[in-house]
Amino acid sequence: MRSKLSWILTPLLVLLSLSFSFAQERAVSGNVVDQDNVPLPGVSVVVVGTARGTQTDFDGNYSIRVNSNETLRFTYIGQKTVDRNVGTANVINVQMQEDAEALEEVVVQGYRTATREKSSIASQTVSAETIENRPNANVIQTLSGQVAGLDISTGSGQPGAAPTVRLRGVNSINGNTAPLYIIDGTPVDEDNFRSINPQDIESVDVLKDAGATAVYGNRGANGVILIKTKRGKFNTPLAINYTGILSYSSLQDNDYNLMDSQEQLTLENQRGAGRGATLTPQEIAAAPTFDWADFFFRTGLTQNHNLTLQSGGKNFTQFTSLGYFDQEGILQDSDLKRFSIRNNVTGRSENERFNYGTNLSINYSESNEPNAIGGSGINRNYILGAYQSVPYITPDDYTNGEDLLSPLLFSNTPLFLLDRLLTYTRREDEVKIIGSFDAHYKITPELTANIVMSADYQSEFLTRAEGPESFNALLFGGAENPTSGFQQQSSTRQFTYNQVTSLNYANSWGRHSVDAGVYTEYFKAHFRQFGYFANGLDPKTFYPGDGSGLIPVRFDQDAQALLFVDTANAQILNAGLFSYFAQADYDYDTRYGFTGTIRRDASYRFAGSNKWATFYSVAGRWNIHNEAFMDGSVFDQLKLRASYGTAGNQRISGTTYFSAPDLTENFFATGTGYANQNSLFLSQIANTTLRWETVTQFDVGVDFQMFDSKVRGTVDYYDKKTSDLFQSTPVSAINSVTSLDANTGELFNRGFDFTLNWDVIRSTKADGFNLTLNGVGNFNETEIANVPTDNGEVLNANDNRVGLRNGGVFNEYFLLRYAGVNPANGNLLFLTADGDVTENPDADTDRVWLGKNLIPKWQGSFGFNMDFKGFFMTTQFNYVTGVDRFDNDLSGFQNPDNIGQFRTTRDLLRAWTPENRVTDIPSYDAFNRAAFTSDRYLREADYVRLRFLQLGYNFPQRFIEKTGFSRLRIFGNAENLFTWTKWRGFDAEAQNNTSRLYPTPRIISLGVELGF
């Protein structure tokens, strides 16, 4: 069966190597050990020249049917390949020897690779082992806490939601701050990983310093994340693997301590507000308590199924995967369904001078994603309904949308939203195709020509519809428009093409080696969008997404106006980049080495002489452990490295390839001018001096391994400066414009990273007890300089609670300071700028800079890995400190003005009264309770979270050898299991000040892996 299936999947392999000789075939078995006589599990045992093969079990044993004239080949990563002739032997035991060259860890350095000893850069690799078999729809979420300096925070529990990712701080005020992502040579959109199957990923390399990122020039300012997907291996038989995971997601806990119906109605009765104002004590006691969080949130079920097939012949390999992922969000009407197919092929010529590879993934996803999350719409935001709905109203109170129109009560918020659940549709269908082709030809043993061509295609189709009989349609349509409602559909296509062509030279002589290359890179992106918004739907024929319910435009005689006017929209955008660059590395005796990079970039965003920019880096290394004076030391590796260089950010405004494409142009608009005459106005003033933001970074680091590599780690210090920040700058008002966005100011990020792994217990037996402790961490501080105002201070135009000042931190809070409750009268107390206590601060002069913001000072993780006799356990605890957020949800729960309309917290029961003067809750009637914006609800959002826990068991080969399986593994996972924090809300992780957010869930999973 295996030979037949291999023939179907790898015909070239079979044509080259298939042979049968049944007459002399017999079983041969044996045991494979390493140079220390430790059994080796997973050794590939192949009959040379055929597709037949097997693998050693957990104890290093194997069994295979062969002929006497055949040869067995034993291969294992880090060991020298061993060939044994079968002859008359029935038992063939093999002791493998360490392959020093193969054991050298390969470090990805942008467009080339190097061994760990010959690397001068700051980077970190995450393997498939810590990525696969986790229930996250978005693979980037899985990286959280695994890479020192990589700050990943997820602000939404929507399945597949894009997290916020920052590497070593924030590098821009208004521009893109996300790293560059490259999958198998293809630059991809950082905001959309929901269509990528995490099970396909082999490794992730995070490039941090200028020595690594300068080679990416115009796109490397925020760091680079290289994702490599799985491939087949040469000379390996067909291997089939299935992974199935079933997960349950639930809402995390909160500490808001909300009132039940009796408490809520009693408070309303006391205040003379809401339904409770007219109820008797007996009616209050009989009222039901319904928790709307249990209604709008649910236990979400996730299915994740993946099938992989991989094989390889002498000159050809293939890896194929099929994936199905179906996740229910914990919020009603939120889910993601994904189908994925991947096929990766590699090949080489007989003389191995020509090598090629193709990578192709086709992904289709369907996503229901509630909108208006985080907003204040009581008829739009389901999260608001879950948190703030009064508990004495239940779903049984709902009849239909029309009945909610009168009386129109805020307390009916949950019924408005229940109606929306039944009558509103929002769905996105997406096709995402990522493909690449790479080829390499050795012109001479030292000179190689290379090309990598890649493309990323994304097609989204959005459908939104609000039924004509819904509460919202009736509310906004009115009596004159009885067939209201709307339907919107939009088709968006985005295509990017990237090509890198290079010529590389590598040579060694004596103790010297050189690796150099010259490159060109071409990038082009295209965006196309078309859609319509139709007003008016016929309830008799309407169905979401179908056009039969659309109503034609008509003229209303009474209103003398057109009704059901539809609108259409279309957009065409293009973007492009071109670069040429060079990189060279010199090494002497694997002790000293230097790397230099220079790159010249052009961007479509800029004009004239600013269209082109040059970026560079220099890096050096000293392998101290290779010095003679280190003989006999505890260090197996000790390397000092340093780098200095620049990288650019041409996405200086917005976050997409196409943001702000025409800031160098003057634009004019028509309108009404003097004496109501049609006039022409200057609508945009061209900034012809617009240029790149440039990040200059210095890094010095130490890599070390000690005590037979039982202790391993890295420590890095970095100092980054972003210059020519794109931000608002005051200009003359002669053109009735007082400010213009321009390149001015500086932003610093300074800090250090560390990684540490300690094999506390390392067994010499294959099934012995092993325990490894691990930790990663990052400390980062930001600083603003050269703010373009007279006083060196500027407030955010969209949120005047934060701003920038010379010497301050990025987006620093600028607020009145809350000082508690006046015990004499229950009013709120504040501090003046001079520190005096007052009930009437001046909002203009008494605000002060607090030195706080949303950016973590410390973040990272710690945990351990343990295994024994097939059992294994992994933990990862994430930690974040230095984040200060507004708890706007708590503000709403403690607001006495919400009594009678929304649910409130039991905190209000300790509000100030003449009998309760010493308290932290002001009087319900304090005159200044809502008069000032202060730091009263600014809270620490530091936390420690059990981010990931895994328990499992690998079945030994002897248990499954007669089952037809080559591998059987079962496991259980938990994500976000426990969180220790002062934050009172559902989720401390989100790094923003938006209220009523969709929290990330707690996830429990069960899974199985089967090998055939």
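Because the structure is predicted, anything quoted here is derived from the model rather than measured.

Visitor: Help me understand the overall build of the chain, please; the structure alone is not making it clear to me.
Guide: A count of helical and extended segments in the chain gives 13 helices and 54 strands. By its C-alpha atoms, the chain is 100 × 65 × 65 Å across when sized along the principal axes. For the chain, with 1012 residues in total, the buried portion stands at 52%. When contacts within the chain are restricted to residue pairs at least 6 apart in sequence, those whose partners lie at least 24 apart make up 70%. Counting every atom, the chain has about 43,100 Å² of accessible surface; 55% of that belongs to carbon and sulfur. Charged side chains in the chain number 85 positive and 112 negative. The centres of these two groups are separated by 6 Å.

Visitor: Whenever I open this one, empty space enclosed by the protein confuses me. Can you help?
Guide: It is the rolling of a water-molecule-sized probe over the atoms that shows where space remains empty. Counted by the stated rule, this structure contains seven cavities of 30 Å³ or more. Together, 23 residues line the largest cavity, and N136, Q141, T1000, P1001 and I1003 are the ones closest to its centre. Class assignment for the residues of the lining of the largest cavity results in six nonpolar, 13 polar and four charged.

Visitor: Looking at this model, I keep getting lost on the environment of D566. Mind explaining?
Guide: Within the element layout of this structure, D566 appears in the loop between β27 (561-563) and β28 (567-588). Along the chain, D566 and N355 lie 211 residues apart, while their C-alpha atoms are 56 Å from each other. Beyond its immediate stretch of four places on either side in the chain, D566 contacts F533, A534 and N535. Engagement of the side chain of D566 in a polar contact is seen with the backbone nitrogen of N535, the distance being 2.9 Å.

Visitor: It is not clear to me how the environment of Q494 should be interpreted in this structure. Could you clarify?
Guide: With respect to the helices and strands, the residue Q494 is situated in strand β24 (residues 486-509). For the pair Q494 and D189, spaced 305 residues apart in the sequence, the C-alpha separation amounts to 9.8 Å. When neighbours within four sequence positions are excluded, Q494 is seen to be in contact with D189, D456, Y457, Q458, H526, F527, Y657 and F658.

Visitor: What's the story with the confidence of the model for the chain in this structure? I'm lost.
Guide: Caution applies to low-pLDDT parts of the model: their predicted coordinates are not meant to be read in detail. On average, the chain scores 90 in pLDDT, and the residues at 70 or more come to 96%. Taken together, the stretch residues 1-23 has pLDDT below 50 and engages in 31 contacts with residues farther than four places along the chain or on a different chain.

Visitor: Sorry, what's going on with the UniProt feature "domain: TonB-dependent receptor plug" (unreviewed entry) in the chain here?
Guide: Residues annotated by UniProt as "domain: TonB-dependent receptor plug" (unreviewed entry) correspond here to residues 118-224. With 7% helix and 26% strand, residues 118-224 has end C-alpha atoms that lie 20 Å from one another.

Visitor: Just checking my understanding: could you explain the sheet that holds strand β41 (residues 802-805) for this structure?
Guide: Each strand in a sheet pairs with another by means of backbone hydrogen bonds, the pair being arranged parallel or else antiparallel. Reading across the sheet, the four strands line up as β40-β41-β42-β46 and stay open at both edges, with antiparallel pairing between neighbours. Among the strands making up the open sheet, the edge pair consists of β40 (793-795) and β46 (848-849). Looking at chain direction, β40 and β41 are connected through three bridges and run antiparallel. Following the sheet pairing, L795 is matched in β41 by G803.

Visitor: Which parts of the structure should I look at to understand the nonpolar core?
Guide: The nonpolar side chains of a soluble globular protein tend to be buried with one another. Grouped together as the largest cluster of nonpolar side chains are 48 residues, with contacts concentrated most on F296, F297, L331, Y387 and Y813. Within the residue set of this core, elements represented by two or more residues are α8 (293-296), α9 (382-388), α10 (413-423), β42 (812-815) and α12 (888-893). In this structure, L150, V165, I225 and I434 belong to the second largest nonpolar core, which totals 21 residues.

Visitor: What should I look at first to understand the sheet that holds strand β15 (residues 201-207) in this one?
Guide: What the five strands build is an open sheet, ordered β10-β15-β16-β13-β14; its pairing is mixed. The open sheet terminates on both sides in strands that have one partner only, identified here as β10 (123-127) and β14 (186-188). Taking the axes of each pair of neighbouring strands and ignoring which way they run, one obtains an average angle of 25° across the sheet. Two elements, strand β13 (residues 180-183) and β14, share three bridges in a ladder whose sense is antiparallel. Along β14, the bridge assignment pairs I183 with T186.

Visitor: I tried to follow the packing of aromatic side chains on my own but got confused; where do I start?
Guide: Ring pairs (aromatic) are described by centroid distance and by the angle formed between their planes. Applying the stated criterion to the full structure yields 45 aromatic pairs. Between Y111 and Y519, the aromatic rings sit 5.7 Å apart at their centres with planes inclined by 40°, giving tilted as the arrangement. A residue pair is termed long-range when its members are at least 10 positions apart, and Y111 in the loop between β8 (106-109) and β9 (112-115) and Y519 in strand β25 (residues 512-535) qualify at 408 residues. Taken together, a centroid distance of 6.5 Å and an interplanar angle of 70° make the contact between Y256 and F986 edge-to-face. Of the two residues, Y256 is situated in the loop between β17 (236-250) and α6 (261-271) and F986 in the loop between β53 (979-981) and β54 (1002-1011); the sequence distance between them amounts to 730 residues. The burial state of Y256 is the same as that of F986; both residues are buried. Members of the aromatic cluster, joined through ring pairs, are Y256, F297, Y387, F893 and F986. A cation over a ring is seen here: R801 above F886, with NZ or CZ 4.2 Å from the ring centre. The ring centre of Y943 lies 5.3 Å from the NZ or CZ of R945, which sits over that ring.

Visitor: Before we go on, may I ask you to explain the pattern of salt bridges in this structure?
Guide: One side chain can pair with another of opposite charge once the charged atoms of both are near each other. The final tally for this structure, using the stated rule, is 58 salt bridges. Across the pair D925 and R271 runs a salt bridge whose closest N-O atoms are separated by 2.8 Å. Of this pair, D925 sits in the loop between α12 and β50 (938-940) while R271 sits in helix α6, and the two are 654 residues apart along the sequence. Residue classification places D925 among the exposed positions, given a relative accessible area of 51%. The exposure class assigned to R271 is partly exposed, which follows from its relative accessible area of 33%. Residue D716 is joined to R641 by a salt bridge in which the shortest nitrogen-to-oxygen separation is 2.7 Å. Of this pair, D716 sits in strand β35 (residues 711-723) while R641 is found in strand β31 (residues 635-649), placing the two residues 75 residues apart along the sequence.

Visitor: Could you clarify how one ought to interpret α6 in this entry?
Guide: Among the residues making up α6, those that are buried are S261, Q264, L265, L267 and E268. The arc enclosing the buried residues of α6, seen along the axis, measures out at 160°, which places them on a common side. Next to the buried residues of α6 lie α7 (281-286). Regarding α6, its N-cap is D260, as a side-chain oxygen of that residue lies 3.2 Å from the backbone nitrogen of Q262 further along.

Visitor: Would you mind showing me how to read α10 here?
Guide: A turn of α-helix holds 3.6 residues, and therefore any two residues three or four places apart point the same way. Burial of α10 is extensive: eight of the 11 residues sit out of reach of the surface. Restricting attention to buried positions, one finds in α10 the residues T413, P414, L415, F416, L417, L418, D419 and R420. The secondary structure elements touched by the buried residues of α10 are α8, α9, β22 (424-442), β23 (447-466) and α11 (471-477).

Quick notes on the rules
- Residues numbered from 1 in each chain as written.
- Predicted model: local features only at pLDDT ≥ 70, side-chain atom pairs only at ≥ 80, totals over all residues.
- Heavy atoms only, no water.
- Helix = DSSP H or I, 4+ residues; strand = E, 2+ residues; numbered from the N terminus.
- Buried < 20%, exposed > 50% of the residue type's maximum accessible area, 1.4 Å probe, protein only.
- Contact = heavy atoms within 4.5 Å.
- Areas by Shrake-Rupley, 256 points an atom, 1.4 Å probe, with all protein chains shown as cover.
- Lys, Arg positive; Asp, Glu negative; His and termini not counted.
- Charge placed at Lys NZ, Arg CZ, Asp CG, Glu CD.
- 1 Å grid on protein atoms, 1.4 Å probe; cavity = no way out; pocket = protein on both sides within 12 Å on 5 of 7 lines; lining within 4 Å.
- Points joined across faces, edges and corners; volume = space filled by probe spheres on them.
- Nonpolar A, V, L, I, M, F, W, Y, C, P; charged D, E, K, R; others polar.
- Polar contact = N/O pair within 3.5 Å; in protein donor to acceptor, adjacent residues only side chain to side chain.
- pLDDT = per-residue confidence, 0-100.
- UniProt positions renumbered as here; feature names shortened; annotations may be inferred.
- Pairing = 2+ DSSP bridges.
- Core = buried A, V, L, I, M, F, W, Y, C linked by side-chain atoms within 4.5 Å.
- Axes fitted to C-alpha atoms, helices over the stretch in contact; angles between N-to-C directions.
- Phe/Tyr/Trp six-rings, centres within 6.5 Å; stacked < 30°, edge-to-face > 60°.
- Lys NZ or Arg CZ within 6 Å of the ring centre and 35° of its normal.
- Salt bridge = Lys/Arg side-chain N within 4 Å of Asp/Glu carboxyl O.
- Arc of directions from axis to C-beta.

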